[in-house]
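In case you want the letters, here they are:
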Amino acid sequence: MKYNLVLAWPLLMAAPLLAQTSDQSLPGLSDAAVVEAIEAHPRSRAADARVEAARQEANALRATQNEFTVSGDVSRRTIQDEGRYAEYTVSLERPIRLPGKSALDRKAGALGVRVAELRAEDARHQLALQLNELWWDWVAAAAEASTLAQTQQTLERAYRAVDSQVRVQDAAQVDADRAMAEAAMNRAGLDAALSGAGIARERLVAQFPQLALPAEAPPLSKPGLPPEELARLREAVMTCNHELPAALAESERLAALAERSRRNRIADPTIGAQFFSERGGLERGAGIVFSMPIGGRYRAALSDQAAAEAQVAVAEAASARFDVIEMATTDYSAALGTVQAWKATAAAAASSRRAADRLEAGNRLGHVDLADLLLAERQAKDAALAETQARAAALRAETKLRIDAHHLWLDCSHEQGEQE
């Protein structure tokens, strides 16, 4: 038996966009609030403390550990037939850095500060990426839940309509069972999406408690930065980053330490003055004392170890350059590819919606079975969910590219140095 059934599917593609466009930062959050939350994170404070520790280490290297040493002894001596005498010896000594070592110590200290500063900025970069991931996890799950919630209302209305027709024997019970099954399956997906959105929000709150989140997740905006803008951001990732300058500075620092260790195979001499009094002051004198360790296999091994560590840093700097190139190209391809995928899913969602609307019209005229209409509505729902997921993935990719390019929340005021 044929009967009329109207399933009012929401036209998501035609809905007005209330969120910010993709050339802005996260909808519902100001850039100042995000920067403040990143700065307040314990990992940012720990990175700043490491910078201060590096400064103090640089101060120590400039001052050198070669400090004055005072030594002495007091004794009493007995000489037969002469008597007992009080005697003492006092020495004041200090190691002296050989020429060239002081400059290398200062250079290593300054480079250590630069490495710490760059790594502090990279720590903020990683926090920004983490915030971006958690944010889009929440917004994407909430968008899926919104789509499924609208679908749930439609399916429940459909079930009530079919159930009423079953009561008046204008529809078979199997049709009511099918409508109930569709509503139940959609409800399961809705519950999972709501749970995922709640978990994602709690994770975001746990990591960034100072971030004032909106009460409701904002709707998804339209992605699609211009291709020329994506290309500029890709170039900015390669020219404005902290990972490669930090690796290069660390390589230079370890090279300075390796040269310092090589020069330290000739030990610093210790020079001082000595004063003595013997036979109760009858004999007094002063002199110069000098000592110098004779370097051997131990100092040679330390020098070789420092040279090897410098080579490790050189290789790691080369690897960091590859990582930056990979990050730039991957971010660019992801931003470009996810937008194309979103456009395809948007077209598929629109086509599925049109097909479901035609079948719904045919059902009203009694020419389309309920099973065919429910199948079309399920396909339209799946296409709408795919469009939502693709849209969120595109927005996530575009925001990540902007963060990696330091065009969002991050500063790129440091000197890049040679990166070719």
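Just above, that's the structure.
So, a few notes on the structure that sits alongside this text.

So, how was this worked out
Residues numbered from 1 in each chain as written. Predicted model: local features only at pLDDT ≥ 70, side-chain atom pairs only at ≥ 80, totals over all residues. Heavy atoms only, no water. Helix = DSSP H or I, 4+ residues; strand = E, 2+ residues; numbered from the N terminus. Rg over C-alpha atoms; globule rule 2.2 N^0.38 Å. Core = buried A, V, L, I, M, F, W, Y, C linked by side-chain atoms within 4.5 Å. Buried < 20%, exposed > 50% of the residue type's maximum accessible area, 1.4 Å probe, protein only. Contact = heavy atoms within 4.5 Å. Pairing = 2+ DSSP bridges. Axes fitted to C-alpha atoms, helices over the stretch in contact; angles between N-to-C directions. Patch = residues over 30% accessible without salt bridge, like charges linked within 9 Å, V, L, I, M, F, W, Y side chains within 5 Å. Areas by Shrake-Rupley, 256 points an atom, 1.4 Å probe, with all protein chains shown as cover. Salt bridge = Lys/Arg side-chain N within 4 Å of Asp/Glu carboxyl O. Expected span 1.5 Å × (residues − 1). Parallel < 35°, antiparallel > 145°, perpendicular 65-115°, else oblique. Nonpolar A, V, L, I, M, F, W, Y, C, P; charged D, E, K, R; others polar. Phe/Tyr/Trp six-rings, centres within 6.5 Å; stacked < 30°, edge-to-face > 60°.

Regarding the overall build of the chain
No. 1: Within the chain, the secondary structure is distributed over eight helices and four strands.
No. 2: Sequence-ordered secondary structure for the chain, helices as α and strands as β, is α-α-β-β-α-α-α-α-β-β-α-α.
No. 3: Computed over C-alpha atoms, the radius of gyration of the chain comes to 37 Å, more than 25% over the 22 Å expected from 2.2 N^0.38 for 420 residues, which places it beyond the range of a compact globule.
No. 4: Seen along its three principal axes, the alpha-carbon backbone of the chain occupies a region of about 140 × 45 × 40 Å.

With respect to the nonpolar core
No. 1: Within the largest apolar cluster, 30 residues are counted, with the highest numbers of intra-cluster contacts made by Leu131, Trp135, Trp138, Leu204, Phe208, Leu211 and Trp409.
No. 2: Breaking this core down by element, the ones donating at least two residues are α1 (31–40), α3 (101–167), α4 (173–207) and α8 (370–404).
No. 3: A per-element tally of this core places α3 first, with twelve residues.
No. 4: Excluding anything up to four places from it in sequence, Leu131 contacts Leu26, Val34, Ile38, Leu204, Phe208, Leu211 and Trp409.
No. 5: Counting residues in hydrophobic clusters, the runner-up holds twelve residues, among them Val237, Tyr332, Ala335 and Leu401.

Looking at the pairing of strand β1 (residues 69–79)
No. 1: Of the pairings in the sheet, the one linking β1 to strand β2 (residues 83–95) comprises eleven bridges and is antiparallel in character. Paired with Asp73 across the strands is Thr89, a residue of β2.

Some remarks on the environment of Glu182
No. 1: Along the chain, Glu182 falls in helix α4.
No. 2: For the pair Glu182 and Ala143, spaced 39 residues apart in the sequence, the C-alpha separation amounts to 20 Å.
No. 3: Apart from the residues within four sequence positions on either side, Glu182 is in contact with Leu155, Leu374 and Arg378.

Let's talk about the sheet that holds strand β3 (residues 270–278)
No. 1: Reading across the sheet, the four strands line up as β1-β2-β3-β4 and stay open at both edges, with antiparallel pairing between neighbours. Since the sheet does not close on itself, it has two edges, and those belong to β1 and β4 (283–291), each with one partner. Looking at each pair of strands side by side, their axes are set apart by 15° on average, direction ignored.

So, a nonpolar patch on the surface
No. 1: A grouping of Phe68, Val70, Val74, Tyr88, Val90, Leu92 and Phe275 is seen on the molecular surface, where their side chains present a nonpolar patch of about 720 Å² in accessible area.
No. 2: Breaking the nonpolar patch down by element, the ones donating at least two residues are β1 and β2.
No. 3: For the nonpolar patch, the element with the most residues is β2, which contributes three residues.
No. 4: Mapped onto the elements, Phe275 comes out in strand β3.

Digging into α8
No. 1: The end-to-end C-alpha distance of α8 is 51 Å, a good match for the 51 Å that 35 residues give at a rise of 1.5 Å each.
No. 2: Counting buried residues along α8, 25 of its 35 residues qualify, which places the element largely inside the surrounding structure.
No. 3: His406 lies just past α8 and shows a positive phi near 60°.

Structural notes on the packing of α1 against helix α2 (residues 42–63)
No. 1: It is the contact of α1 with α2, at a shortest axis distance of 4 Å, that shows an interaxial angle of 60°. Between α1 and α2, the interaxial angle falls into the category oblique. Residues Ile38, Glu39 and Ala40 of α1 lie in contact with α2, whose contacting residues are Pro42, Ser44 and Arg45.
No. 2: Looking at the contact of α1 with α2, its residues break down into three nonpolar, one polar and two charged.

Some words on the packing of aromatic side chains
No. 1: Applying the stated criterion to the full structure yields one aromatic pair.
No. 2: Measuring from centroid to centroid gives 5.5 Å for Trp135 and Trp138, while their planes differ by 85°, and the two rings are edge-to-face. Here Trp135 and its partner Trp138 are both found in helix α3, three residues apart, which amounts to about one turn of the helix.
No. 3: According to the relative accessible area criterion, Trp135 is buried, its value standing at 0%.

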